[in-house]
Amino acid sequence: MTPPTRKRPEDLRSARWFGPADLRSFGHRSRAMQMGYAPEEWTGKPVIAILNTWSDLQPCHAHFKTRVEDVKRGVLMAGGFPVELPALSLSETYLKPTSMLYRNMLAMEAEELLRAHPVDGVVLMGGCDKTTPALLLAATSMDIPAIFVPAGPMLRGNWQGKVLGSGSDSWKYWDELRAGKISDKDWSGVEAGIARSYGTCMTMGTASTMAAIAEAVGMVLPGGSSVLAADAGHIRLASESGRRIVEAVWEDLRPARIQTREAYENAIMVAMAMGCSTNAIIHLIAMARRAGQEIGLKDFEHYSRLIPVIGNVRPTGSTYLMEDFFYAGGILGLMNRLRERLHLSCLTISGRTVGENIEGARVYNDDVIRPLDNPIYGEGSLAVLTGNLAPSGAVIKPAAMDQRFLKHSGPAMVFDDYASLKKAVDDEGWDITADHVLVLRNAGPQGGPGMPEWGMLPMPKALLKQGHRDMLRLSDSRMSGTSYGACVLHVAPESFVGGPLALLRTGDIVSIDVDARSIRMEVSDTELAARRAAWVQPERRYERGYGYMFSKHIQQADEGCDFDFLRSDFGAPVPEPSIY
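Keep in mind it's a predicted model, so treat the numbers as computed, not measured.

So, on to the overall build of the protein chain. Summing up its helical and strand segments, the protein chain has 21 helices and 14 strands in all. Here the C-alpha radius of gyration of the protein chain, 24 Å, is about what a compact globule of 580 residues would show, namely 25 Å. Seen through its C-alpha atoms, the protein chain measures out along the principal axes to roughly 80 × 55 × 45 Å. Across the 580 residues in the protein chain, those meeting the buried criterion constitute 59%. Here the analysis covers contacts within the protein chain between residues at least 6 apart in sequence; of these, 77% occur between residues at least 24 apart.

We now examine the sheet that holds strand S3 (residues 121-126). Taken together, the four strands give an open sheet; going across it, the order is S2-S1-S3-S4, and neighbouring strands pair in parallel fashion. Both edges of this open sheet fall to strand S2 (81-86) and strand S4 (146-150), since each of them pairs with a single strand only. Adjacent strand axes in the sheet meet at a mean angle of 20 degrees when their direction is disregarded. Across five bridges, S3 lies against S4 in parallel orientation. Across the sheet, Met125 pairs through a bridge with Val149, a residue of S4. Most of the contacts of helix H6 (residues 131-142) go to S3, to which it runs at about 165 degrees, and overall it touches strand S1 (47-52), S3 and S4.

Once that is clear, we can look at the pairing of strand S11 (residues 472-475). Judged by which residues are buried, S11 turns out to be covered on both faces: Leu472 and Leu474 on one side and Arg473 and Ser475 on the other are all buried. Pairing between strand S10 (residues 437-440) and S11: four bridges, direction parallel. Following the sheet pairing, Val439 is matched in S11 by Leu474. One ladder, built from two bridges, connects S11 with strand S12 (residues 487-492); its direction is parallel. Across the sheet, residue Arg473 finds its bridge partner in S12, namely Cys487.

Considering all chains together, one arrives at 49 salt bridges under this definition. A salt bridge links Asp129 to Lys130; the shortest N-O distance between them is 4.0 Å. When the shortest N-O distance is used, the salt bridge between Glu176 and Arg469 registers 2.9 Å. Here Arg469 lies in the loop between helix H19 (461-465) and S11 and Glu176 lies in helix H7 (residues 168-178), a separation of 293 residues in the sequence. For Arg469, a relative accessible area of 29% gives the class partly exposed.

With respect to the helices, strands and loops of the structure, Ser30 is situated in helix H2 (residues 23-34). In the structure, Ser30 is positioned twelve residues away from Phe18 in sequence and 9.8 Å away in space, judged by C-alpha atoms.

This part covers the packing of aromatic side chains. A full pass over the atoms with the stated rule returns twelve aromatic pairs. Taken together, a centroid distance of 5.8 Å and an interplanar angle of 80 degrees make the contact between Phe550 and Phe563 edge-to-face. Of this pair, Phe550 sits in helix H21 (residues 545-553) while Phe563 is found in the segment after H21, placing the two residues 13 residues apart along the sequence. Phe563 matches Phe550 in its accessibility class, with the two residues each being buried. The structure contains a cluster of three or more aromatic residues connected by ring pairs, namely Tyr102, Tyr546, Phe550, Phe563 and Phe565. Directly above the ring of Trp17 sits Arg16, whose terminal nitrogen or CZ lies 5.7 Å from the centroid. When the ring centre of Trp159 is taken as reference, the NZ or CZ atom of Lys162 above it lies at 5.1 Å.

With that settled, the discussion passes to helix H4 (residues 64-77). Helix length check: H4 (14 residues) gives 20 Å between terminal C-alpha atoms against 20 Å at 1.5 Å per residue, within 8%. Every buried residue of H4 is listed here: Phe64, Arg67, Val68, Asp70, Val71, Lys72, Gly74 and Val75. Directly after H4, the chain includes Gly79, whose backbone phi takes a positive value near 90 degrees.

Further remarks concern the state of the cysteines. What the rule picks out here adds up to zero disulfides. Not engaged in a disulfide, the cysteine Cys276 finds its nearest cysteine sulfur in Cys487; these two sulfurs lie 15 Å apart. Left unpaired, Cys561 is separated from the closest cysteine sulfur, that of Cys276, by 16 Å. For Cys561, a relative accessible area of 3% gives the class buried.

Where helix H9 (residues 206-217) meets helix H13 (residues 279-290), the axes come as close as 10 Å, and the angle between the chain directions of the two elements is 35 degrees. In this structure, the crossing between H9 and H13 has a hand that is right-handed. In contact with Thr206, Thr209, Met210 and Ile213 of H9, H13 contributes Asn279, Ala280, His283, Leu284 and Met287. Of the residues in the contact of H9 with H13, the class split is five nonpolar, four polar and no charged.

Geometrically, the link from Lys96 to Pro97 is a cis peptide bond, its omega value of 5 degrees lying close to zero. Mapping Pro97 onto the fold places it in the loop between S2 and helix H5 (103-116). A cis amide bond links Gly448 to the next residue, Pro449, at an omega of -5 degrees. Here Pro449 is to be found in the loop between S10 and H19. Positive phi, normally seen in glycine, also occurs at Arg517, with a value near 60 degrees. Inspection of the secondary structure puts Arg517 in the loop between strand S13 (509-513) and strand S14 (518-521). Given the relative accessible area of 6%, Arg517 is considered buried.

Another aspect to go through is the packing of H9 against helix H12 (residues 261-274). With their axes 8 Å apart at the nearest point, H9 and H12 run at an angle of 145 degrees to one another. Between H9 and H12 the crossing geometry is right-handed. Contact residues: H9 offers Ala212, Ile213, Ala216 and Val217, while H12 offers Ala263, Tyr264, Asn266, Ala267, Val270, Ala271 and Met274. In terms of residue class, the contact of H9 with H12 is built from ten nonpolar, one polar and no charged.

This next bit is on the nonpolar core. Membership of the largest hydrophobic core comes to 103 residues, with the highest contact counts inside it found for Leu51, Val123, Leu124, Ile213, Val270, Phe300 and Leu334. Per element, the largest residue contribution to this core is ten residues, and it comes from H12. Ignoring any residue separated from it by four or fewer positions in sequence, one finds Val270 in contact with Ala216, Ile331, Leu334, Met335, Leu338 and Leu342. Grouped together as the second largest cluster of nonpolar side chains are 31 residues, Leu389, Ala399, Val414 and Leu472 included.

Cut-offs used in this document
- Residues numbered from 1 in each chain as written.
- Predicted model: local features only at pLDDT ≥ 70, side-chain atom pairs only at ≥ 80, totals over all residues.
- Heavy atoms only, no water.
- Helix = DSSP H or I, 4+ residues; strand = E, 2+ residues; numbered from the N terminus.
- Rg over C-alpha atoms; globule rule 2.2 N^0.38 Å.
- Buried < 20%, exposed > 50% of the residue type's maximum accessible area, 1.4 Å probe, protein only.
- Contact = heavy atoms within 4.5 Å.
- Pairing = 2+ DSSP bridges.
- Axes fitted to C-alpha atoms, helices over the stretch in contact; angles between N-to-C directions.
- Salt bridge = Lys/Arg side-chain N within 4 Å of Asp/Glu carboxyl O.
- Phe/Tyr/Trp six-rings, centres within 6.5 Å; stacked < 30°, edge-to-face > 60°.
- Lys NZ or Arg CZ within 6 Å of the ring centre and 35° of its normal.
- Expected span 1.5 Å × (residues − 1).
- Disulfide = S-S within 2.5 Å.
- Left-handed = near helix turned anticlockwise from the far one by under 90°.
- Nonpolar A, V, L, I, M, F, W, Y, C, P; charged D, E, K, R; others polar.
- Core = buried A, V, L, I, M, F, W, Y, C linked by side-chain atoms within 4.5 Å.

The quantities given are spatial measurements derived from coordinates; they are silent on function.
The following block contains the structure:
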């Protein structure tokens, strides 16, 4: 591909605001001077927006309050004019009912912030689960030069000399508390020790997964997705990203030149090899389709059969965390081990190809980042299941579950809401066995609403007391990337809109065969037709506001849960704003 001619100052998008000798531009210039800027600071220079998702209720991004100054420093060094624009922080911890309800809101906000302001390029500061795909969705739709700066993983947790992993050990020790194996004092110790610094979850959760995907697609500087939040290298990454985005503007290196189908195939391969979060599927499909690339579940299934898990990081791995992964060689080391399978000619935001970025990258611990001939799991991190329970697909994480449930049949225990499920699992006298299949429905994109991370359904207390720690669980919801267990997720279509899961009844036999990629309920077509005729649509979740719009336009899990009107093939491109 022949690179376009370098931009001239008069070609900058921001020149439409600051350049003309007219009354409106007079106002733009005078108001810039009102803020203390001199014309020499912006004239002929790229205006670089820095979308900052810091907030006082976003612990993963606590360092962004000051890290943004490092980005600005880099922009100024390279001859740009940095402007910080605050954006929704989407704290995974605090946002209810789920941050997924607001991923598309941030994507819309960020896109319009960039379109409506005098901006030539953008540095995207995100990391906590939904901020990464949301910001990238926006940059893709806007299609101006963009670079992503991940928040970076936090330091590993510690309690009584034991290493703690985000999320994964929360679930583990909560079950131990419920089983009577640890005390309330122990639980308080875990609470205080599991999150010791700013940064995202340091297991291979959704945050680490999406940062790696962003880099594999080409939107992060080489190695940037693995750098720890508290490492001095993260400060340097921020500054380098600021410098690089200025040059990317002059080169007109837009997302459309980077985000090819091959780039997204690279991302799927990297995700499978890392032991990725199940949420990768939803976000990556949405991102690819915004870029005009028809990536779907079949692509994940294809690479699931080809790419083994070589990232030995919890919860798919048994011991290591992202801090260990960083020290072992990080994303560049892992990608170099996949070199024979990746599309090496894909262009990245660095201005170099994938092959150039990973050239010479080494692995320093073969147990953390395994060789391809010694994986921790012989296939990819995720498997896609289909059948009469999930005609449009469902997802499971085979390497992070009790292997005896890879092929299983058992009677369903069906719940229509989480409150009823919670009450049942806390009943120590509940007559349930580990062979039952625990089912939650009405927890999908519309039913949740927003498809909450409820899919790692809590183990029944009665079974925990008996020593069981896993059972087959099924829902149309998602689960945290830090979660584990025999959990079938993202059942599509969801039950709330009449998907077959809505027809399942307690006592029906549910059968799963991960190797055959099948999931079904052993119910005759005649009986299912009768149940379909009697099914009644649940009442809508919202009657007004954003939730009402969400319910009208949200797509199903297998389509990426984007709004239908935000896809690249919906309507004509949005024009540049008029300035009069």
